[in-house]
Amino acid sequence: MAKVDVRRIKKLNSAEISGGPIVYWMSREQRVFDNWGLLHARELAGDKVPLIVVFCLVPSFLGATLRHYDFMLNGMQQVEKDLRKLGYDFVLLSGQPDETLPAFVSNIRAGAVVTDFDPLRIKQQWQENVGQKIDIPLLEVDGHNIVPARFVTDKREYGARTIRPKIQRLLPEFLEEFPELASAEVKGEGFPVVDWKQVRSSIKVDETVGPVDLIPGESAAHAALDEFVTYGLGAYAEKRNDPNAEATSRLSAYYHFGQLAPQRAALEVAARPTGESVDSYLEELIIRRELSDNFCLHTPNYDSLDAAPEWAQKTLSEHSADRRAYLYSYEDFEQARTHSALWNAAQSQMVHSGFMHGYMRMYWAKKILEWSASAEEALSITIALNDRFELDGRDPNGYVGALWSIGGVHDRGWKKRSVFGSIRYMNERGCRRKFDVDAYVRKWG
Ligand code: FO1
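Numbers given to residues run from 1 along each chain, matching the order in which its sequence is written. pLDDT decides what is reported in this predicted model: residues at 70 or higher carry local features, side-chain atom pairs at 80 or more are listed and counted, and totals for whole chains, interfaces and linings draw on all residues regardless. Hydrogens are left out, water is left out, and the side-chain values use all remaining heavy atoms of the structure.

In the annotation of an unreviewed UniProt entry, the chain is listed under the name Deoxyribodipyrimidine photo-lyase and assigned to Maridesulfovibrio salexigens. Recorded under Catalytic activity (unreviewed entry), the UniProt text for the chain is reproduced unchanged: "cyclobutadipyrimidine (in DNA) = 2 pyrimidine residues (in DNA)." UniProt positions are given in the numbering used here, feature names are shortened, and annotations may be inferred rather than shown by experiment.

Here is the structure:
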């Protein structure tokens with residue numbers, strides 16, 4: 001049986017393993033294939049005990065709307081189907097994980113629980129509570145980062161420049177092909193198939209933000225990856241900063257919900273002939289993404305301006321009283337009611353498609369800083385809008401992106417100007433140099 005690298009695994013409590021079924025508590029990595037946590041749970045189950053996969057569905061999650069729950073539940077339904085084909089039970093528990101999961105593992109007299117590494121506060125809190133409440137081991141496996149976040153470094157890194165050599169040194173050891181998930185050797189207890197219709201009608205989330213037309217699930221994620229590698233990757237370096245070219249991979253929602261392993265994408269992209277596009281995609285996929293996990297893991301207040309570097313906090317506070325040429329409220333921003341047709345187009349792309357181009361995300365957030373009463377308010381508006389409308393909201397990448405744009409995280413000081421101080425500035429003229437702004441406004445405005 002394939003062995004999962006021990007450097008991916010951390011024991012979160014001190015209990016000893018017993019002889020009962022192994023529970024894989026799926027959370028961040030919502031997939032059957034290419035999943036280190038699930039593979040480790042399978043390894044522990046061996047030919048001795050059943051493996052049961054559990055997903056804890058919470059009634060509300062950091063402002064998630066129907067758009068997010070719909071995408072996630074459709075993907076999860078596919079997970080259940082694929083698991084059952086391999087002979088595994090799948091159980092969906094509704095409620096708070098730190099209440100439902102301990103009761104479940106005690107009922108079935110489980111032997112150990114394996115779960116996904118996730119640096120978000122809420123997840124760390126769930127895991128801490130579950131670890132304390134159960135009398136069997138709770139093991140965390142990093143199935144998201146290619147080089148495990150806890151192993152690559154034990155501190156917060158300054159930026160891409162400092163984490164890059166650490167990741168690159170270890171990549172040859174960790175960027176390995178995934179083993180296959182073997183089918184079940186020991187039959188489970190035969191838990192009933194989930195009634196997905198009932199699950200869907202039981203969730204009470206904001207339905208005013210509806211589903212978008214990205215096909216959810218693991219097989220759609222693989223198809224999207226294939227399509228990108230075959231048709232999109234070649235032009236990535238040249239066109240990735242052009243929001244009209246749609247040359248980006250559009251895989252971020254699949255990564256966010258764990259329907260696609262970043263490591264799978266890295267393997268596919270790295271297998272292509274080397275060149276600027278391959279290098280620049282791997283930089284985004286590996287270095288930038290893993291830098292975001294590093295930041296959130298070592299910065300518990302990753303969504304607050306207090307998490308910004310000292311120079312950035314100082315410069316923003318020195319400019320806090322600067323006159324704002326325009327001042328908008330959350331509602332103005334949400335409804336795309338600013339004076340800027342370009343900004344409104346970006347907002348409307350996000351509201352209607354659940355996606356905003358990466359280059360525009362930076363411009364969009366920087367303008368929220370420029371047109372809000374304070375930097376604190378700008379950051380909270382940016383995060384609220386991002387989490388509400390982007391399909392990949394409430395992700396370490398999103399929090400770090402917001403703090404990069406507004407709080408100088410992973411950046412350096414630039415030429416001083418009003419409101420921004422030395423936070424890097426962006427304007428429409430810069431956008432016009434890079435792409436056809438009017439075409440973008442015609443499409444989304
Ligand atoms: N994770 C869970 O374990 N249970 C949930 O019910 C759940 C809902 C949810 C809704 C929207 C969303 O964007 C994420 C959600 N996640 C849920 C967590 C998610 O899988 C991620 O792990 C984190 O948001 C990013 O690290």
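J.: Hey, could you go over the UniProt feature "domain: Photolyase/cryptochrome alpha/beta" (unreviewed entry) in the chain for me, with residue numbers and the actual values?
T.: The sites that UniProt annotates as "domain: Photolyase/cryptochrome alpha/beta" (unreviewed entry) are residues 20–149. In residues 20–149, helix accounts for 42% and strand for 21%; the two terminal C-alpha atoms are 30 Å from one another. Helix and strand labels come from DSSP, where a helix needs a run of H or I of at least four residues and a strand needs a run of E of at least two; each type is numbered from the N terminus.

J.: Quick one: what's the story with the UniProt feature "transmembrane region" (unreviewed entry) in the chain, residue by residue and with numbers?
T.: Mapped onto this numbering, the UniProt entry annotates "transmembrane region" (unreviewed entry) at residues 49–69. Here residues 49–69 runs as 19% helix and 33% strand, with 32 Å between its end C-alpha atoms.

J.: I'd like a rundown of the domain arrangement of the chain, residues and numbers included.
T.: Domain limits in this description derive from either an automatic procedure or a database domain assignment. Here the chain is described as being made up of domain 1 (6–145) and domain 2 (305–444). Counting residues at the interface gives eleven residues for domain 1, matched by twelve residues for domain 2. Of the roughly 880 Å² buried at the junction of domain 1 and domain 2 (both faces included), carbon and sulfur atoms supply 59%. Sorting the residues of domain 1 by area buried against domain 2 places Arg67, His68 and Leu120 first, and these three jointly supply 56% of that buried surface. When a carboxyl oxygen of Asp or Glu is within 4 Å of a side-chain nitrogen of Lys or Arg, the pair counts as a salt bridge. The interface formed by domain 1 and domain 2 includes zero salt bridges. As used in this structure description, the phrase polar contact means that two N or O atoms lie within 3.5 Å; if the pair is within protein, one of them must be able to donate a hydrogen and the other to accept it, and residues adjacent in sequence are counted only when both atoms belong to side chains. Linking domain 1 to domain 2 there are five residue pairs in polar contact (both at pLDDT 80 or more). Classification convention: Asp, Glu, Lys, Arg as charged; Ala, Val, Leu, Ile, Met, Phe, Trp, Tyr, Cys, Pro as nonpolar; all other residues, Gly among them, as polar. By residue class, the composition of the side of domain 1 that touches domain 2 is six nonpolar, three polar and two charged. In what follows, residue pairs with any heavy atoms lying within 4.5 Å of each other are defined as contacts. Once two parts are brought into contact, the accessible area they lose, counted with a 1.4 Å probe and summed over both, makes up the buried area.

J.: Give a detailed account of the sheet that holds strand E5 (residues 112–116), specifying residues and quantitative values.
T.: In this description, strands pair whenever DSSP reports at least two bridges between them. Pairing is mixed across the open sheet formed by six strands, whose spatial order is E1-E6-E5-E2-E3-E4. This sheet does not close on itself; its edge strands, each paired only once, are strand E1 (9–11) and strand E4 (89–94). Mean inter-strand twist for the sheet, computed between neighbouring axes without regard to direction, equals 25 degrees. Relative to strand E6 (residues 138–141), E1 is paired through three bridges, and the arrangement is antiparallel. Across the sheet, residue Lys10 finds its bridge partner in E6, namely Glu140. Angles run from 0 to 180 degrees between N-to-C directions of axes, and those axes are lines fitted to C-alpha atoms, restricted for helices to the stretch in contact. In this fold helix H1 (residues 36–45) packs onto E1, strand E2 (22–26), strand E3 (51–57), E5 and E6, with an angle of close to 175 degrees to the strand it touches most, E2. Contacts from helix H4 (residues 121–133) reach E2, E5 and E6 within the one sheet, and its direction differs from that of E6 by about 150 degrees.

J.: Requested: an account of the site of the ligand, with residues and values cited.
T.: Any residue with at least one heavy atom within 4 Å of a molecule or strand is counted as near it. In the vicinity of the ligand lie 20 residues, with Ser27, Asp118, Lys123, His256 and Arg394 positioned nearest. For accessible areas, the Shrake-Rupley method is used with a probe of radius 1.4 Å. Any residue's cover is judged against the shown protein chains and nothing else. Burial of the ligand by the protein chains amounts to 100% of its free accessible area of 530 Å². Think of a 1 Å grid over just the protein atoms. A cavity is a set of points where a 1.4 Å probe fits yet cannot get out, a pocket is an open set with protein on both sides within 12 Å along at least five of seven lines, and lining residues have an atom within 4 Å of a point. Should more than half of a molecule's atoms lie within 2 Å of a pocket's or cavity's grid points, that molecule is taken to sit in it. Spatially, the ligand is embedded in the largest cavity. Where the shell around the ligand is concerned, the elements lending two or more residues are E3, helix H2 (66–85) and H4. In terms of residue count, the dominant contributor to the shell around the ligand is E3 (three residues). Tallied by class, the residues present in the shell around the ligand amount to eleven nonpolar, five polar and four charged. Each of domain 1 (6–145) and domain 2 (305–444) gives at least three residues to the shell around the ligand.

J.: Go over the layout of surface pockets, please, and point to the residues and values.
T.: The space that makes up the second largest pocket amounts to roughly 380 Å³. Around the second largest pocket, the lining is made up of 15 residues, and of these Ala224, Glu227, Phe228, Ser249 and Arg250 lie nearest the centre. Classifying every residue of the lining of the second largest pocket gives nine nonpolar, three polar and three charged. Grid points are joined across faces, edges and corners, and a volume is the space filled by probe spheres set on the points.

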